[in-house]
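Residues per chain are reported as follows:
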Amino acid sequence: MTAAPELPLPRNTSSLLVLQDGRTVVELGDTTRASYVASVRKSLLSVLFGIQVDAGTVNLDATLDELGVDDVGGLLPLEKTARLRDLLTSRSGVYHPPSSPGSDEDAFPPRGTKAPGQYFVYNNWDFNAAGAIFEKAGGLTVFDAFEKYLAGPLGFEDYDPTRQRMLGNARKSAFPAYHFFLSARDLAKIGLLMASGGQWEGRQHVPREWVRDSVATHVRRADMAPATGFGTCDYGYLWWLPREPGPQWEGAFLAAGNYGQFLLVLPAIRSVIVHRRFVSDSFAIARNTRNAAASPAPVTHAEFMDLARALVAGPLAR
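Below is a summary of the structure that appears in this document. Only a predicted model underlies this, so the values are computations on that prediction, with no experimental measurement involved. (Residues numbered from 1 in each chain as written. Predicted model: local features only at pLDDT ≥ 70, side-chain atom pairs only at ≥ 80, totals over all residues. Heavy atoms only, no water.)

1. Some thoughts on helix 6 (residues 184-195)
Taking 1.5 Å of rise per residue, the 12 residues of helix 6 would be expected to cover 16 Å, and the 16 Å separating its terminal C-alpha atoms lies within 8% of that figure. Summarising burial for helix 6: 9 of the 12 residues are buried, a large majority. All of the buried residues along helix 6 are Ala184, Asp186, Leu187, Ala188, Lys189, Ile190, Gly191, Leu193 and Met194. Backbone geometry just after helix 6 places Gly197 at a positive phi near 70 degrees. (Helix = DSSP H or I, 4+ residues; strand = E, 2+ residues; numbered from the N terminus. Expected span 1.5 Å × (residues − 1). Buried < 20%, exposed > 50% of the residue type's maximum accessible area, 1.4 Å probe, protein only.)

Printed below as a string of structure tokens:
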């Protein structure tokens, strides 16, 4: 089905896939083309953490000190008191330089000035260190776990293990970023899994309690650093939580990545929206290892939300 002419489709959209009750409502562009998902990766890690927490291999209240986490130049004693759950909510209080770009580093307070758990600022150090903790606790790389627990069981059609990459500058931080390259239709399966409370084809793949807890509000928008965050979104465990009016938006949660990568789940209307803006592998690698040249023109969060509101009011309301 093609998009209705009245949809405010952003100029730089590469593909769009909209599902309701598992059926395709809108499909535009090449939804089979795998490409860089940017910070959507963080929400994917959240899903994996649910499996690990359920298995008892990791404790959300373990501190960095207890987990043996340190970094280039050393962490401060106060920073080592941060808990894993503080990393999952971007409130670690660790303002060590991250190995990869994409943080709100201009909004970082001076190191040692914020106690863990008290202050939200969007921080790739937290997200990357959480990935390292996941790997150490579970004995699998993020990518191996993703293939074992998600891509394989959910029947991903476009997943290439050789394209998934750890990227970052090791001189800045010992914790690189775990970058994924996925297609819209495979990302949609993650949305469907989460919308069904972690079930897929009658089997519980992710604990229902974790699905509920990971998309519950852990940080309110009003409590975030003024220069960070997305619109009216609250924050869960590595998921953004849009706070839009209307019953259709009840319980909505969002994975968002730079340049226009979005996975929006709307449980109240049993819908999933995946928006992609194509970014080449070569640019993604260059950006995360050195200063890349010209950036692709993005689709902003505001543009995507205008599109999502139009979809909810239009095709998804029928």
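Now that the structure has been shown, we can carry on.
2. A word on the pairing of strand 13 (residues 271-276)
When you tally the buried positions in strand 13, you get 6 out of 6 residues, the bulk of the element. Taking every second residue as pointing to the same face, both faces of strand 13 are buried, with Ser271, Ile273 and His275 on one and Val272, Val274 and Arg276 on the other. When strand 1 (residues 15-20) meets strand 13, the two strands line up antiparallel, connected through 6 bridges. For Ser15, the partnering residue across the bridge sits in strand 13 and is Arg276. (Pairing = 2+ DSSP bridges.)

3. Quick notes on the pairing of strand 11 (residues 253-257)
Among the 5 residues of strand 11, 5 are classified as buried, and the element is accordingly described as predominantly covered. In strand 11, alternate side chains face the same way, and those of Phe253, Ala255 and Gly257 on one face and Leu254 and Ala256 on the other are all buried. Of the strand pairs in this sheet, strand 11 and strand 12 (residues 261-266) are connected by 5 bridges, and their pairing is antiparallel. Across the sheet, the residue bridging to Ala256 is Phe262, located in strand 12. Taken together, strand 11 and the strand that follows it, strand 12, pair antiparallel across an intervening segment of 3 residues, in which Tyr259 is found at a positive phi of about 80 degrees.

4. A closer look at the pattern of salt bridges
On inspection of all chains with the given rule, the structure shows 15 salt bridges. Between Arg270 and Asp21 there is a salt bridge whose closest N-O contact spans 2.5 Å. With Arg270 in the loop between strand 12 and strand 13 and Asp21 in the loop between strand 1 and strand 2 (23-29), this residue pair connects regions lying 249 residues apart in the sequence. For Arg270, a relative accessible area of 46% corresponds to the partly exposed category. Between Asp234 and Arg243 there is a salt bridge, with its nearest N and O atoms 2.9 Å apart. (Salt bridge = Lys/Arg side-chain N within 4 Å of Asp/Glu carboxyl O.)

5. Details of the environment of Gly117
Following the sequence through the fold, Gly117 ends up in the loop between helix 3 (84-88) and helix 4 (124-138). Judged by its relative accessible area of 24%, Gly117 falls in the partly exposed class. Taking the C-alpha atoms as reference, Gly117 lies 8.4 Å from Ser90; in sequence the two are 27 residues apart. For Gly117, the residues in contact, after removing those within four places along its chain, are Asp86 and Arg91. (Contact = heavy atoms within 4.5 Å.)

6. Considering the packing of helix 1 (residues 40-55) against helix 4
One way to put it is that helix 1 packs onto helix 4 with a least axis distance of 11 Å and a crossing angle of 35 degrees. In the packing of helix 1 onto helix 4, the handedness of the crossing is left-handed. Across the interface between the two elements, Arg41, Lys42, Leu45, Leu48, Phe49 and Gln52 from helix 1 touch Asn124, Phe127, Asn128, Ala130, Gly131, Phe134, Ala137 and Gly138 from helix 4. When its residues are assigned to classes, the contact of helix 1 with helix 4 shows 7 nonpolar, 5 polar and 2 charged. (Axes fitted to C-alpha atoms, helices over the stretch in contact; angles between N-to-C directions. Left-handed = near helix turned anticlockwise from the far one by under 90°. Nonpolar A, V, L, I, M, F, W, Y, C, P; charged D, E, K, R; others polar.)

7. Quick word on the packing of helix 1 against helix 5 (residues 142-151)
Two numbers describe how helix 1 lies on helix 5: the axes approach to 10 Å, and their chain directions differ by 70 degrees. Between helix 1 and helix 5, the angle falls in the class roughly perpendicular. Mapping the contact onto sequence places Leu44, Leu45, Val47, Leu48 and Ile51 in helix 1 and Val142, Ala145, Phe146, Tyr149 and Leu150 in helix 5. Here the residues of the contact of helix 1 with helix 5 sort into 10 nonpolar, no polar and no charged. (Parallel < 35°, antiparallel > 145°, perpendicular 65-115°, else oblique.)

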